[in-house]
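For reference, the chains in residue letters:
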Amino acid sequence: MSRFLLLLVALNSLLIAPQSIAQSSASNATIIYRVGVLKDGPSWYFDRSLKEIAAELQDLAGATVAFVESSLDAQHDPTKVAPLLKRALEDEQIDLIYACGVMATEAVKRLPDALRTKPIMAGAIQFSDVGGLITPDGVSSKPNLTFITEPTRVDSDLALLRKLTGSDTVHVLIDELVFEAIDNLPDTRTQFREKLGIESVMHPIGPAIEEALDRFPDTPGLPVYIPLLPRIESLERQRLYDELAQRGAITVAMFGHEEVPLGALAGLATDLSAPIARRTALNMLQMLQGVPADNLSVYLPVQDRLIINARTAQNTPGWSPTYEIALEADFYGDEVYYDGEPIRIDQAMRRARANNVEVAIASAALSSQVAQLNIARSGIRPRVDLSADARHATYDSRIDPIMPERQGSASYGAQLRQVLFSDAIFTNIRAQRLGLE
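To keep things clear, this report deals only with the structure shown in the data block. (Residues numbered from 1 in each chain as written. Predicted model: local features only at pLDDT ≥ 70, side-chain atom pairs only at ≥ 80, totals over all residues. Heavy atoms only, no water.)

## Side note on the sheet that holds strand β4 (residues 120-122)
Under the convention used in this document: Strand pairing is assigned whenever DSSP detects at least two bridges linking the two strands. Here a strand is any run of E in DSSP of at least two residues, a helix any run of H or I of at least four, and the numbering for each starts at the N terminus. To obtain each axis, a line is fitted to C-alpha atoms, and for helices this fit is confined to the stretch in contact; angles are then taken between N-to-C directions over 0 to 180 degrees.
Spatial strand order, β2-β1-β3-β4-β5: five strands in an open sheet with parallel pairing. Looking at strand neighbours, the two that pair on one side only are β2 (65-68) and β5 (145-147), the edges of this open sheet. Going across the sheet, the axis of each strand differs from the next one's by a mean of 25 degrees, ignoring polarity. Across three bridges, strand β3 (residues 96-100) lies against β4 in parallel orientation. Paired with A99 across the bridge in β4 is A122.

## Notes on a positive patch on the surface
Rule in force here: Distance thresholds for patches are 9 Å for like charges and 5 Å for nonpolar side chains (Val, Leu, Ile, Met, Phe, Trp, Tyr), applied to residues having over 30% relative accessible area and no salt bridge. The Shrake-Rupley method, run with a 1.4 Å probe, gives the accessible areas here. Residue values count only the displayed protein chains as cover. The term salt bridge refers to a side-chain nitrogen of Lys or Arg lying within 4 Å of a carboxyl oxygen of Asp or Glu. Positive charges are assigned to Lys and Arg, negative charges to Asp and Glu, while His and the chain termini are left out of the count. Every charge is mapped to an atom, namely NZ of Lys, CZ of Arg, CG of Asp or CD of Glu. The cut-offs for exposure are 20% and 50% of the maximum accessible area for each residue type, with area from a 1.4 Å probe on protein chains only; residues under the lower value are buried, those over the upper are exposed, and the others partly exposed.
Taken together, the side chains of R377, R381, R430 and R433 define a basic patch exposed on the protein surface. Among the secondary structure elements, R433 is positioned in helix α16 (residues 423-436). Residue R433 is classed as partly exposed on the basis of its relative accessible area, which comes to 34%.

## A closer look at the side chain of E259
Rules: Here a polar contact means two N or O atoms within 3.5 Å. Within protein one must be a hydrogen donor candidate and the other an acceptor candidate, and residues neighboring in sequence count only if both atoms are side-chain atoms. We call two residues contacting when some pair of their heavy atoms lies within 4.5 Å.
Along the chain, E259 falls in helix α10 (residues 256-259). Among the polar contacts made by the side chain of E259, one reaches the side chain of R237 at a distance of 2.9 Å. Residue contacts for E259: discarding those within four places in its chain leaves W44, R237, Y241, A253 and A264.

This is the structure in structure tokens:
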């Protein structure tokens, strides 16, 4: 009996061992996800973003995600974007598509829902609050497509530009490829007009900034908005800001805290490169693991902070920050300003009182009201009237012309009066007192 049991145990061990080995080898196998990167072309911004996203994915998933990008680069040729997108959708080795550029994003956005057969992450949604791209739940309305956006970014920037200049018309320097790719630009301009009361004038610009500036209005105080210029490197953007400042243009940059050090006058957006890369990588990984795109929030919470380039402000003729703007803003390069002598609070208050025109106006108004009240009160005060009258007449005598007849008279009087009651006077006094209060 014991030999039979030993034989059964041996047979069981032989059956179980291969299964355990198979399970172990399956658990050690690494699943590689492949992300097809559909690129507009070389770009300082999107190339940097891709590296940051890759680093975040490395931290999240190790070596289980690989990018495929060499064969999906349109080289800034709009005619190549759609065929490359079709190739990526048909490639069975690509699990997810990342639209790395504005033209690429517009192409995946316009794709019919039935053809969007793979999950897609859009990297450059423009004016996402136009055209119904976001549902009331805060997710993408397009099947198998998600993105990350800050819908009020442009609205806030244009409102700042109007605050800095007082103008209801803004001029937008926009990359010419972006200008041609965006299909909801007319609706966006209509929204600016109806929602913000701002007219927008678009000026397409290419990599050669001199050509664009030759066509650009040379008007001091011109409000200019600078969105993302993905093909113009930092040194060229710096030249662009310097030239606009010399012309007296007031510039606000969409990438505020990144562009203000280059020479843009003002901006609101803080540095969001790290949060965007982290959220993009996380959403990619979730979609690769089977999470539907309509479960992923598209909103990126941000906190705006106004920053002004002090040197640009100093070099922009005809413009200086108002008192309210100076209190609200942080200044970059504020070494151009110098500290004055220390001043005590009582000295500051005396100077403010002496130099504040509103205080002078209020003091004059107070004095006028006091005088009006005193005039009204004079109607009930005792009144003394004094009068005097003297007469003298001479008549010639026909009998004795040497002795003419003289007659004279004089009268004097005084009168004291006191008003005991007058409804009109008392009503006037009450009205003047209320005005004084």
